[in-house]
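# Structural features, examined
Spelled out, the chains give:
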There are 2 protein chains.
Amino acid sequence: MGRAEIARSLGLSTQAVSNIIAELQEDGLLVETGLRSGGRGLPAMQYGVNSAGGYALGVEVRPDAIFTAILDLHGQTVVTRRRTLKSPEPAKVISKVLKLRDEMLAKTGLSEGQLLGAGVVMPGPFGQTGLSGLGSDLAGWQSVDAAALFEEALALPVELSNDANAAAMAERMALGLSHFAYLYFGAGLGLGIVNQGQLVTGIFGNAGEIGHVPVATPKGPLPLEALLSRVSVQEHLGKGPLDIAALGALFAEGDKGMMDWLDGACAALSQAVGLLENLFDPQTIILGGAMPAGVLDYLVAHTELPTLSVSNRADNPHARVQAGASGRMTATLGAAALILNRAFTPQAAAL
Amino acid sequence: MGRAEIARSLGLSTQAVSNIIAELQEDGLLVETGLRSGGRGLPAMQYGVNSAGGYALGVEVRPDAIFTAILDLHGQTVVTRRRTLKSPEPAKVISKVLKLRDEMLAKTGLSEGQLLGAGVVMPGPFGQTGLSGLGSDLAGWQSVDAAALFEEALALPVELSNDANAAAMAERMALGLSHFAYLYFGAGLGLGIVNQGQLVTGIFGNAGEIGHVPVATPKGPLPLEALLSRVSVQEHLGKGPLDIAALGALFAEGDKGMMDWLDGACAALSQAVGLLENLFDPQTIILGGAMPAGVLDYLVAHTELPTLSVSNRADNPHARVQAGASGRMTATLGAAALILNRAFTPQAAAL
DNA sequence: TGCTTAACTCAACCCACTTGAGTTATCAAG
DNA sequence: CTTGATAACTCAAGTGGGTTGAGTTAAGCA
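Read on for an overview of the structure. (Residues numbered from 1 in each chain as written. Chains lettered and ligands numbered in written order. Predicted model: local features only at pLDDT ≥ 70, side-chain atom pairs only at ≥ 80, totals over all residues. Heavy atoms only, no water.)

The next thing to look at is the sheet that holds strand β4 (residues 65-72) of chain A. All names here are of chain A. Spatially, the 5 strands line up as an open sheet ordered β5-β4-β3-β6-β7, and their pairing is mixed. Strand pairing shows two members of the sheet lacking a second neighbour, β5 (77-84) and β7 (158-161), which therefore form its edges. Mean inter-strand twist for the sheet, computed between neighbouring axes without regard to direction, equals 15°. For strand β6 (residues 115-121) and β7, the ladder comprises 4 bridges, and the chain directions are parallel. Looking at β7, one finds that A118 is bridged to V158. Of the strands in this sheet, β3 (55-61), β4, β5, β6 and β7 are in contact with helix α10 (residues 330-344), which crosses β3 at around 140°. (Pairing = 2+ DSSP bridges. Helix = DSSP H or I, 4+ residues; strand = E, 2+ residues; numbered from the N terminus. Axes fitted to C-alpha atoms, helices over the stretch in contact; angles between N-to-C directions. Contact = heavy atoms within 4.5 Å.)

This is the structure in structure tokens:
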């Protein structure tokens, strides 16, 4: 955008914008991106964010592994790292994260000072809740203030979030949506809710625990997670743990068990879609996370969209359900996106 | 609060606060509320909002009636009016609303200029959706820009909302909660969701359509609204339309049909509570609206709270479910509260 | 009685932003 | 090719909402 255009959209004078641009340019956060073509008057000098003006660190802590990534200001992945973990004990996690950070900085030639902040993803729910002890929480972290711990160790501002919320914010950056629900395939099934561009986190950051919501099946009500999650495919197939590539291969060859599971998953998803649409009135519902892209696409294509829904309207410009980013690193990249999102969106302190 | 206290909590200098207070006092929005007692130093002059500094108009349009109210800046009801309506045709509604406003102004001796804005409540969902034509929407309003229409007719800023959201905001003012879900008994069952002090409205303002969410019953899944709403009591009792007083009387005398209905309602509410808690992680869930207070209290007392919930935690300072304001005017007062809420909370324009 | 504490005022200052006039580069009509 | 309209941009002076720091007042406490 040019100065005048920015000024109009911000309600400032062009002079003010000029001053601010000069400052940001000096700090290396903005770069000229060429002159505007066509139109009357003096051609406007265009500006854009300098992708190298700063970097965001993303950290995902899993029970058995740590994933890290660095994104630039354009949201492009600069470098990623994965490391297995013997035990998720806080002290070990912290030292491993520091090591991975240093490795990534060394490899890319970046300095610690160029990191704007760190997004940290950990399995929720946070604190002692009625869902604790179901295997989804992280041993040794129940009574630890994780955000403060990382903040001190990394000497960076930290945003703590669960996997689904982080992945949702990454998708928000990519698609520019303001209202959506994000169904995230992790160990179980997570949900990120974005309303007016802001995450709906709940009072303790535990919003979006959709996995335990019951859905109707021919055999009676079952938790959504029992029909729509990686664990549920694996149990349905009965071949033990399978990684994304293995699931993708089974899907590609049209494996009977897989297609069978998909039938049940589509039925469950259809109910979840109805629920989410009627509760949140989103622009769209996005599926993403640790699932093969083909499976996500199949779910999107074959899920029956409920008619009894506020989203069943003729003037809806978005697909009601769509596939987002897939793969194992989705949440890690989303963690870093939390920092970018914070840097780029205005926050009002609510009373 | 005194100047120094305000300055600290706002991060401004005392001088800046002094200047602003002087201005607000001149405009009649602030009044001195006496000196602080006890403590060292010069006793602080306390200030509070002048309840007579402005007034908010609340309008609720129903298929067969119009309710209006005026609240002062403390949220106190100044005057209310009800008028039946033969047809909810836009032109008739507008002229009736103007008449009611003038009546209320005349009765209280207020002037039009003292009204800060109007909150308007209409039955949702807004626009053509998959839930249209189910009897909940208002004839003649489907393709009308209601907000603009009221804005022009009343020459006031207008906030348009559905009944549940409006009632939720009224409750927010009263209880000072930042995260909660509000189950509102209207014709059907509405839901208002507040996260970080802001309403979760969805992209078209239709969020919170919980009435059609299925819940499990011994006879198979039924819409929540079929078990937990005024219509459902009436159908269960089979005595035709009953007003709040009649329902309250039946409840007081322990009517068999009523207690029977309450059993089913509690079971349904229990499931709804689990759903809302796991999706939103609220501080509390509030029941309110057009139901006798006794019935709301009974529901709160006898609903089994699900254990499999993120809200089932020892350190939760709030009751998980509680009763809010009951009665027929709840949403109307909530409409006016929308204006007060807007006046008192900072809004960040999201990109 | 005198010291400490704290709220508040006064007056000078600061800085982000606006205002208004002037400059430059492009398009389009004569 | 010339001329005028259009639009982005710069320069320099001005403005207002805020800060800063010193001084004033009134209460509690030793």
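Take the pairing of strand β8 (residues 180-185) of chain B next. Residue and element names in this part refer to chain B. Counting buried residues in β8 gives 6 out of 6 residues, a clear majority hidden from the surface. Where burial is concerned, the two faces of β8 agree: the one with F180, Y182 and Y184 and the one with A181, L183 and F185 are both buried. Alignment of β8 against strand β9 (residues 189-195), held across 6 bridges, turns out to be antiparallel. Note on β9: the bridge partner recorded for F180 is V194. Hairpin connection between β8 and β9: a loop of 3 residues separates the two successive antiparallel strands. Where β8 lies against strand β13 (residues 284-289), 6 bridges are found, and the strand directions are parallel. Counterpart to F185 in the pairing with β13 is G289. (Buried < 20%, exposed > 50% of the residue type's maximum accessible area, 1.4 Å probe, protein only.)

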